[in-house]
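A structural walkthrough
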Amino acid sequence: MTGEASARSPAQLPLLARFPRLAARTPVVPLAAGPSPVARLGRLSESLGGPDVWLKNDGLYGTIYGGNKPRKLEFVLADALRRKSKTVLTTGAIGTNHGLATALYGAQAGLHVGLLLTYEEPGPDTGRQLLRMAAAGADIYYTRNHALTAAAAPYFIARYWLRDRRRPYILGPGGSSSMGALGFVNAGFELAAQVAAGELPAPRSIVVPVGTGATVAGLLAGLRLAGLDSEVIGVAVTRAPTAWPVAVKRLARNVTKLVAGRAGDRKLARVGLDGLRISSDWLGPGYARPSRRSAQALAMAADLENLELDAVYTAKTMSAVIGLAGQGVLEGPVLYWHTHNAIRMPEPDPAVASRLPSGLRRVGKIRTRV
Ligand SMILES: Cc1ncc(COP(=O)(O)O)c(C=O)c1O
């Protein structure tokens, strides 16, 4: 999918339309033209011979880069601007989708972006990701491991604080703050509106990946606040504590409190958050390491639905849909929530590799895809 759509107005975000008092207190920087599309995955459903499977394609949520990150950044970047920060600082692995989304949309919002990354074994797209972060004008630093990143973080923050003479906006891994989760509360309301408009049936189960947690936590809160009782099945793609049920529930509760406080309605804070199941059965050998089942899911989605999955998040999520449907334990209609970018981006200019730290220039050398 190509084309650079222009973003809608803040009043068109369903969460803000639903709670005017929250809207008055919550600035947003809209980053998408409208709701992400939904569609029935007919051939996949038929081949599974079980429940009907639907797609919510957040891959197309965004103007220049899609996926779950723009949803978080709509609220996060506005919060940074409200606090009059000049710089947003964040972190992730060297191939981070979150870092790339922050670099692209942060620059568009007039914010400087600093990335403190951690080295990991490069995947097929890591070089492109890094070049795009550099091309967007982000400052890129990296260390060899998580302990070194944690040790370097205070110096990294201090550097920008001194330079800007004001506090930089510090955004945790994956943009998974309560503010980031608010983007997925909005997504819950968006889905409820699509169900009400008859675009899809109310899903009995929604299957979504869990990494740093704000996607599933915000979605759970948003669905319940919007009156949908679909079971939410979180597919853990990492063993990190951010994907543990206790952390996800805490974030879901925190974001409902945020909504309640800003909407001026205290009973919203007590909305039931039942019906969440997080499973690590589909993780395979670990984060970013494909399993036999995730490789099969990737091939099946491409063959049957022309749907491009990534190996880290969406292939494992789809493997859960296929596996649970095969076991006959998935109640339909099922909604597979696609979180990886599906907006075509131009090939990055290899010359920007010179802006990468010297130790990463080798990773930034990309081969043209055939
Ligand atoms: C493509 C994609 N899907 C899913 C996730 C997981 O979302 P979250 O970190 O909010 O749990 C991420 C990021 O971590 C991602 O980049």
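None of the values given here were measured: they were computed from a predicted structure.

Brief notes about the site of the ligand
Lys 69, Lys 72, Thr 212, Thr 215 and Thr 339 are the nearest of the 15 residues found near the ligand. Between Asn 97 and the ligand, the recorded distance is 2.8 Å, taken from a side-chain N or O atom to an oxygen atom. One of the side-chain N or O atoms of Thr 339 is found 2.6 Å from a nitrogen atom in the ligand. Here the ligand loses 97% of its free accessible area of 390 Å² to cover by the protein chains. Broken down by secondary-structure element, the contributors of at least two residues to the shell around the ligand are helix H4 (68-82), strand E7 (205-210) and helix H9 (214-225). Of the residues that constitute the shell around the ligand, the class distribution is four nonpolar, nine polar and two charged.

Focus: the pattern of salt bridges
Summed over the entire model, instances satisfying the criterion amount to 16 salt bridges. Put simply, Glu 190 and Arg 8 hold a salt bridge, and the shortest N to O gap is 3.6 Å. Of this pair, Glu 190 sits in helix H8 (residues 178-196) while Arg 8 is found in the segment before helix H1 (14-18), placing the two residues 182 residues apart along the sequence. Looking at Arg 8, the relative accessible area reads 8%, which means it is buried. Of the charged contacts in the structure, one is a salt bridge between Arg 71 and Asp 58, with a shortest N-O distance of 2.7 Å. Here Asp 58 lies in the loop between strand E2 (53-57) and H4 and Arg 71 lies in helix H4, a separation of 13 residues in the sequence.

Concerning the sheet that holds strand E3 (residues 87-93)
Strand order in the open sheet formed by four strands is E5-E4-E3-E6, and the pairing between neighbours is parallel. The sheet terminates laterally at strand E5 (139-143) and strand E6 (169-170), the two strands that pair on one side only. In this structure, E3 lies alongside strand E4 (residues 112-118), joined through seven bridges in parallel fashion. In the sheet register, Val 88 faces E4, and the bridge partner there is Val 113. In the packing of helix H5 (residues 97-108) onto the sheet, the strands contacted are E3 and E4, and the crossing angle to E4 comes to about 170°. Taken strand by strand, helix H7 (residues 146-164) contacts E3, E4, E5 and E6, and its axis lies near 165° from that of E4.

Examining the pairing of strand E9 (residues 276-279)
Bridge count for strand E8 (residues 231-236) against E9 is four bridges, and the pairing is parallel. Each residue of the ladder has a partner; that of Ile 233, found in E9, is Arg 277. In this region the chain leaves E8, passes through helix H10 (residues 245-263) and returns to the parallel neighbour E9; the handedness of that crossover is right-handed.

Notes on H5
Across its 12 residues, H5 extends 17 Å between first and last C-alpha, which sits within 8% of the 16 Å expected from 1.5 Å per residue. Considered for burial, the residues of H5 that qualify are Asn 97, His 98, Gly 99, Leu 100, Ala 101, Thr 102, Ala 103, Leu 104, Tyr 105 and Gly 106. Contact partners of the buried residues in H5: H4, E3, E4 and helix H6 (126-135). Directly after H5, the chain includes Gly 110, whose backbone phi takes a positive value near 85°.

With respect to the sheet that holds E2
Taken together, the six strands give an open sheet; going across it, the order is E1-E2-E10-E7-E8-E9, and neighbouring strands pair in mixed fashion. Each of the sheet's edge strands pairs with one partner strand only, and the pair in question is strand E1 (38-40) and E9. When the angles between neighbouring strand axes are averaged without regard to direction, this sheet yields 25°. As defined by bridge partners, E2 adjoins strand E10 (residues 334-338) across five bridges and the pair is classed as parallel. In the sheet register, Leu 55 faces E10, and the bridge partner there is Tyr 336.

Comments concerning the nonpolar core
In summary, soluble globular proteins display a tendency toward joint burial of nonpolar side chains. Counting residues in hydrophobic clusters, the biggest one holds 85 residues, and the most contacted among them are Leu 182, Val 185, Leu 191 and Trp 337. Sort the elements by how many residues they give to this core and H8 lands first, with 10 residues. Other than its neighbours up to four places away in sequence, Leu 182 contacts Leu 15, Thr 26, Phe 75, Val 255, Leu 258 and Val 259. Residues Leu 41, Leu 309, Val 321 and Ala 325 belong to the second largest nonpolar core, which totals 23 residues.

Considering the domain arrangement of the protein chain
As far as domains go, the protein chain holds domain 1 (10-69 + 177-338) and domain 2 (86-167). On a C-alpha basis, the centroid separation for the pair domain 1 and domain 2 is 26 Å. In this assembly, eight residues from domain 1 lie in contact with nine residues from domain 2. Across the domain 1 to domain 2 interface the summed buried area is about 810 Å²; carbon plus sulfur atoms make up 68%. If you sort the residues of domain 1 by the area they bury against domain 2, Ile 64, Tyr 65 and Lys 69 come out on top, with a joint share of 65%. Run the count over domain 1 and domain 2 and you get four residue pairs in polar contact (both at pLDDT 80 or more). Looking at side-chain class alone, the side of domain 1 that touches domain 2 contains five nonpolar, two polar and one charged residues.

Structural notes on the side chain of Ser 85
With respect to the helices and strands, Ser 85 occurs in the loop between H4 and E3. The class of Ser 85 is buried, set by a relative accessible area of 9%. The contacts of Ser 85, once residues within four sequence positions are left out, are Ala 80, Leu 111, Arg 166, Arg 167, Pro 168 and Tyr 169.

Procedures and definitions
- Residues numbered from 1 in each chain as written.
- Predicted model: local features only at pLDDT ≥ 70, side-chain atom pairs only at ≥ 80, totals over all residues.
- Heavy atoms only, no water.
- Near = heavy atom within 4 Å.
- Polar contact = N/O pair within 3.5 Å; in protein donor to acceptor, adjacent residues only side chain to side chain.
- Areas by Shrake-Rupley, 256 points an atom, 1.4 Å probe, with all protein chains shown as cover.
- Helix = DSSP H or I, 4+ residues; strand = E, 2+ residues; numbered from the N terminus.
- Nonpolar A, V, L, I, M, F, W, Y, C, P; charged D, E, K, R; others polar.
- Salt bridge = Lys/Arg side-chain N within 4 Å of Asp/Glu carboxyl O.
- Buried < 20%, exposed > 50% of the residue type's maximum accessible area, 1.4 Å probe, protein only.
- Pairing = 2+ DSSP bridges.
- Contact = heavy atoms within 4.5 Å.
- Axes fitted to C-alpha atoms, helices over the stretch in contact; angles between N-to-C directions.
- Right-handed = clockwise from strand over helix to strand, strands pointing away.
- Expected span 1.5 Å × (residues − 1).
- Core = buried A, V, L, I, M, F, W, Y, C linked by side-chain atoms within 4.5 Å.
- Domains from an automatic or database assignment.
- Buried area = accessible area lost by both parts, 1.4 Å probe.

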